[in-house]
Amino acid sequence: MIFRSPRPATILLFFSVACLAPDLSLAAPQAAPESAAPVVTKVEPPNWWVGLTPDLLLLVSGHGLEAVKVVCNLPDVIVGRTQSTQNGEYLFIWLKFGPQLRSGTVVCRATTPTGEASLELPLSVRQPTAQRFHGLRSDDVIYLIMPDRFANGDPANDEPAEFPGSHDRAKPRAWHGGDLQGIRDHIPYLKDLGVTALWLTPVVKNGSAQDYHGYGAVDLYAVDPHLGSLGDYQSLASDLRRQRMKLFFDAVPNHVGPGHPWVAKPPLPDWFHGSAGRHLDSHSPVKNSFYGQGTQGEAKNDPFEALADPHATQAMRQNLTDGWFLGILPDLNTENPTVAKYLLQNSIWWIETAGLDGLRVDTFPYVSRAFWQQWHAGLRRIYPNLSTIGEVFHPDPTVTSFFAGGKKGWDGTDTGLSTVFDFPMFFALRDVLLRGAPAGRVADILRRDELYPHPDWLVPFFSNHDVPRIVSEPGGSPEKLLSALALTLSLRGIPELYYGDEIGMSGGADPDNRRDFPGGWPGDAQNAFTQEGRSPQQQRIFAAAEKLLRLRREHPALRTGRLFHLFSDDRSYVFLRQTDDERLVVVFNNDTAQRILAIPEASTPAGDVQRVHALYGEAFASSSGKELRITAPAQSVSIFSVD
Ligand SMILES: [Ca+2]
Ligand SMILES: [Ca+2]
């Protein structure tokens, strides 16, 4: 998660609202009299599965939980040890499962000096796994949705009773009413468009009237009531599965929201890095010019250089990994084994509950690499094919590749992460298209692919929920958007698109880049989910996106072909994708005028061309036998097959 350049007033408002918002679902119990009988208000995780893990850590909330003895009713559920904390407001129970464990409800009784409390843990048989937990493949295209802003399928949940005043479509930082049902209703639209995997920003319960974005969790085991129920989330997942589409969950092990009940009462004294009153700020002292880099360019990034740098001191890294994000978001102490176990179980619970195919992992560099290694090992023991995609918001491939799994870094640690978003390509595309950087910058990013164990798994993109829409950036235009779209869908990797870019939605910096999809709300003046509802401009962009996605499905070279540079300079970049069966040439002209290119074929995979066949775009190309002659319109991308 990134909050781009928030104004101080915004932070203050966010902070104060979040802190003041009561969490009614888990109202902190009032201090109980010494003699009061123990009470259980919550058990995390709320349920589990037979045969999934050999043991389980329960975090029980309530009061008077000064257990002296905990006994469970099933012989194959063994209480290993227990720990009562916060004057009996939490009770940790370490359970071990025997080999004969069967489904059913475990009932455990905690005896305390003042009485007895019982808690239940339903254990179920796992759903068949064959159609679940598939992970990403090269034929996938990811579509990012902010559920509050996509479609309102259920107006009844727009303003849940426990969040009065939270819904107002006129306010860009309020909840707008989009929900999981709205996404379910538009699966046919997404299927027809040609995307195959949905990444939703966090659906977990958030605590403040401004947390429509989902990154301020107050309950890691609940769906936010604005979005629907856990059942709605499971239904969305199974609807997608029926369409052979995939679902990615946005995991945030780095932090919770300021309104989480843990902040006032941590389950352990070192549950967080620091406390609400005393903590580091994620803002690092290496920002700006430590490495001799200026702050030129519009796009900003976080200073992760120190993490990838074997010569950096602990002091240079500590703010990043242990600081509270922006000084606001409570940073979980992922070095504490109990916290780490809680977070691993939480991820397993969501994956198992919904049959997820993968996780998009927020603020990846802000968590210690040792944690990631352990977390991934725990996930892969159960889900060997699951994909994880890390957010490493940085333009330098030497930094982003440091966090990709499959190799050890200077610290001897392999994070286990499947892949990362291709932020260096994002920065390059924006700089080339909007800020006059040489077109060859695209090739310059690609030449560093050797740094990644799996460059073919990189996730190229040109837009997401943390950056202005490309059409609304200075220098932006529908033509620049179309170039970005065509490049993202024809470069190597598994591309990601941001909802609304397929119709050229506009929007500046957060939260303006999160406008409601037109037609997602009953009574909207326009319905861009349908062809008749789209303006000619929207339809032109939509048709291009649909066609590019279809070409990607029809031509394996666009998905898995080897990529060769054919030509690159300040204004143009031409590359070839090749499989055993086909060769495709992609021509990107960033010039403001038409351009004629003559590209030598000798000693390139573009040699021996007999025929050139246009697949996409308005360029004209032919082969003389010695060179490809291409006439490329101003600001365009075109694709040819050659044989
Ligand atoms: Ca709704
Ligand atoms: Ca952290």
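Since we're looking at a predicted model, the values are computed, not measured. (Residues numbered from 1 in each chain as written. Chains lettered and ligands numbered in written order. Predicted model: local features only at pLDDT ≥ 70, side-chain atom pairs only at ≥ 80, totals over all residues. Heavy atoms only, no water.)

What about the overall build of the chain?
No. 1: Broken down by element type, the chain carries 15 helices and 25 strands.
No. 2: The C-alpha atoms of the chain give a radius of gyration of 26 Å, which matches the 26 Å a tight globule of 643 residues would have.
No. 3: Principal-axis analysis of the C-alpha atoms places the extent of the chain at approximately 90 × 60 × 50 Å.
No. 4: Scored against the burial criterion, the 643 residues of the chain give a buried share of 60%.
No. 5: For the chain, the exposed area adds up to about 24600 Å²; of that, 52% sits on carbon and sulfur atoms. (Helix = DSSP H or I, 4+ residues; strand = E, 2+ residues; numbered from the N terminus. Rg over C-alpha atoms; globule rule 2.2 N^0.38 Å. Buried < 20%, exposed > 50% of the residue type's maximum accessible area, 1.4 Å probe, protein only. Areas by Shrake-Rupley, 256 points an atom, 1.4 Å probe, with all protein chains shown as cover.)

Brief notes about the nonpolar core
No. 1: Formed by 174 residues in total, the largest nonpolar core has its most connected members in Tyr143, Phe150, Leu200, Tyr233, Trp262, Trp271 and Phe517.
No. 2: Considering each element in turn, this core owes the most residues, 10 residues, to helix α8 (residues 337–354).
No. 3: Grouped together as the second largest cluster of nonpolar side chains are 16 residues, Leu576, Leu597, Ile630 and Phe640 included. (Core = buried A, V, L, I, M, F, W, Y, C linked by side-chain atoms within 4.5 Å.)

Concerning the coordination of the calcium ion (ligand 2)
No. 1: Distances from the calcium ion (ligand 2) to its protein donors, Asn254 (OD1), Thr321 (O), Asp331 (OD), Asp331 (OD) and Tyr366 (O), fall at 2.3 to 2.5 Å.
No. 2: Counting the intervening residues between successive donors of the calcium ion (ligand 2) yields the motif N-x66-T-x9-D-x34-Y. Here Asn254 is found in the loop between β13 (246–251) and α5 (261–264), whereas its partner Tyr366 is found in the loop between β14 (358–361) and α9 (369–382), with 112 residues between them in sequence.
No. 3: By relative accessible area, which is 4% here, Tyr366 ends up buried. (Donors = N, O, S within 2.8 Å, 3.2 Å for Na, K, Ca; no water.)

Topic: the environment of Trp350
No. 1: Looking at where Trp350 falls in the secondary structure, it is placed in helix α8.
No. 2: Taking C-alpha positions, Trp350 is 40 Å from Phe564, a pair spaced 214 residues apart along the chain.
No. 3: Leaving out residues up to four positions away in the same chain, Trp350 has contacts with Val203, Val204, Leu220, Tyr221, Ala222, Val223, Leu230, Tyr233, Phe249, Gly355 and Leu356. (Contact = heavy atoms within 4.5 Å.)

Here we look at the sheet that holds β14
No. 1: With respect to topology, seven strands assemble into an open sheet ordered β16-β15-β14-β13-β10-β9-β17, the strand pairing being parallel. At either margin of the open sheet sits one strand with a lone partner, and together these are β16 (419–420) and β17 (496–498).
No. 2: Pairing of strand β15 (residues 387–390) with β16, which is carried by two bridges, proceeds in the parallel orientation. If you follow Gly390 over to β16, its bridge partner there is Val420.
No. 3: Each of β10 (197–200) and β13 touches helix α4 (residues 230–242); the most contacted strand, β13, lies at about 140° to it. (Pairing = 2+ DSSP bridges. Axes fitted to C-alpha atoms, helices over the stretch in contact; angles between N-to-C directions.)

Looking at the coordination of the calcium ion (ligand 1)
No. 1: The protein atoms that coordinate the calcium ion (ligand 1) are Asn152 (OD1), Asp154 (O), Asn157 (OD1), Asp158 (OD), Gly177 (O) and Asp179 (OD), at distances of 2.3 to 2.6 Å.
No. 2: Classification of the site at the calcium ion (ligand 1) rests on its six donor atoms, whose angles at the metal span 64 to 165°, yielding the label irregular.
No. 3: Mapping the donors of the calcium ion (ligand 1) onto the primary sequence yields the spacing N-x1-D-x2-N-D-x18-G-x1-D. An identical accessibility class is assigned to Asn152 and Asp158; each is buried. (Tetrahedral: all angles 85-135°; square planar, octahedral: opposite > 155°, others 65-115°.)

Notes on the sheet that holds strand β21 (residues 595–600)
No. 1: Here we have three strands laid out as an open sheet, ordered β21-β24-β23, and antiparallel in their pairing. Every interior strand has two partners, whereas the edge strands, β21 and β23 (620–623), have only one. Within this sheet the neighbouring strands show an average axis-to-axis angle of 15°, counted without direction.
No. 2: In the sheet, β21 pairs with strand β24 (residues 627–632) via six bridges, with the strands oriented antiparallel. Paired with Ile596 across the two strands is Thr631, which belongs to β24.

A closer look at the confidence of the model for the chain
No. 1: Looking at the chain, the pLDDT average stands at 93 and 93% of residues meet or exceed 70.
No. 2: Segment residues 2–32: pLDDT under 50, and 56 contacts once partners within four positions in sequence are set aside and those in other chains are kept. (pLDDT = per-residue confidence, 0-100.)

Topic: the pattern of salt bridges
A side chain with one charge may pair with a side chain of the opposite charge, provided their charged atoms come close.
No. 1: Within this structure, the stated rule accounts for 38 salt bridges.
No. 2: Among the ionic pairs, Lys42 bridges to Asp219, the shortest N-O distance being 2.7 Å. Here the residue Lys42 occupies a position in strand β1 (residues 39–44), and Asp219 occupies one in strand β12 (residues 217–223), the gap between them amounting to 177 residues.
No. 3: Judged by relative accessible area, Lys42 falls into the buried class, the value being 15%.
No. 4: Residue Asp431 is joined to Arg441 by a salt bridge in which the shortest nitrogen-to-oxygen separation is 3.2 Å. (Salt bridge = Lys/Arg side-chain N within 4 Å of Asp/Glu carboxyl O.)

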